[in-house]
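Inside the fold
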Amino acid sequence: MNLDLAGRTALITGASKGIGRAAAECLAAEGCALHLAARTAADLTLAAAELRERHQVPVEIHPLDLAISANVTTLAAACPNIDILVNNAGAIPAASITNADETVWRTAWDLKVFGYINLLRAIYPRMAACGGGVIINVIGAGGE
């Protein structure tokens, strides 16, 4: 598929596995330069190496826990000129609303909600000033 994305730059959070890793693969195949963020440096390093080899695109990694606001600020500063943001990081508990306590839910939502909001607040004004961009918020099973 050709979506005319060659030469664009994308930031993908939760990019080391699952939906984020699949998004990285698709965007790399389209010719996008990538910034990959996730908590685990080893997983990011492996993903970046595979993407560089398979698609010959620039890939930078950012091993950060985006539930921590200061890390969101660090990531946004490291990615000043992105065209595409895929907000995907998150670890919603595999429990029903009644089977997990408040601490578990607050920890999960610090990343899935506030991590998204804080990154949007940092990235959106830059995109708007440049005349556009695309922001995709992946909610996964958390929306059920």
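The rules behind the values
- Residues numbered from 1 in each chain as written.
- Predicted model: local features only at pLDDT ≥ 70, side-chain atom pairs only at ≥ 80, totals over all residues.
- Heavy atoms only, no water.
- Salt bridge = Lys/Arg side-chain N within 4 Å of Asp/Glu carboxyl O.
- Helix = DSSP H or I, 4+ residues; strand = E, 2+ residues; numbered from the N terminus.
- Axes fitted to C-alpha atoms, helices over the stretch in contact; angles between N-to-C directions.
- Parallel < 35°, antiparallel > 145°, perpendicular 65-115°, else oblique.
- Left-handed = near helix turned anticlockwise from the far one by under 90°.
- Contact = heavy atoms within 4.5 Å.
- Nonpolar A, V, L, I, M, F, W, Y, C, P; charged D, E, K, R; others polar.
- Pairing = 2+ DSSP bridges.

**Some words on the pattern of salt bridges**
In the structure shown here, the tally under the stated rule is four salt bridges. Here R21 and E25 are joined by a salt bridge, their closest N and O atoms 3.1 Å apart. With a gap of four residues between them, R21 and E25 both fall in helix α1 (residues 18-29), about one helical turn apart. One salt-bridge network, in which partners are shared between bridges, spans R21, E25, E50 and R54.

**As for the packing of helix α3 (residues 69-78) against helix α4 (residues 102-130)**
At a minimum axis separation of 9 Å, α3 and α4 run at an interaxial angle of 30 degrees. Our classification of the angle between α3 and α4 gives roughly parallel. Pair α3 / α4 crosses with right-handed handedness. Across from S69, V72, L75, A76 and A77 in α3, the residues of α4 making contact are G115, N118, L119, A122, I123 and R126. Considered class by class, the residues forming the contact of α3 with α4 number seven nonpolar, three polar and one charged.

**Examining the sheet that holds strand β4 (residues 84-87)**
Sheet strands pair via backbone hydrogen bonds, and the direction of the pair is either parallel or antiparallel. With respect to topology, five strands assemble into an open sheet ordered β3-β2-β1-β4-β5, the strand pairing being parallel. In this open sheet, the two strands that pair with only one neighbour each are β3 (59-63) and β5 (134-137). Strand after strand, the sheet turns through a mean of 10 degrees between neighbouring axes, direction not considered. For strand β1 (residues 9-13) and strand β2 (residues 33-38), the ladder comprises five bridges, and the chain directions are parallel. Counterpart to T13 in the pairing with β2 is A37. In the packing of α1 onto the sheet, the strands contacted are β1, β2 and β4, and the crossing angle to β1 comes to about 170 degrees. Strand contacts of helix α2 (residues 41-55): β2 and β3, with the helix running at about 170 degrees to β3, the strand carrying the most contacts.

**Notes on the packing of α1 against α2**
Between α1 and α2, whose axes approach to 10 Å, the crossing angle comes to 25 degrees. On the basis of their axis angle, the class for α1 and α2 is roughly parallel. Where α1 crosses over α2, the two elements pack in a sense that is right-handed. Of the residues in α2, those in contact with R21, A24, E25, A28 and A29 of α1 are A47, E50, L51, R54 and H55. Taken together, the residues of the contact of α1 with α2 break down into five nonpolar, one polar and four charged.

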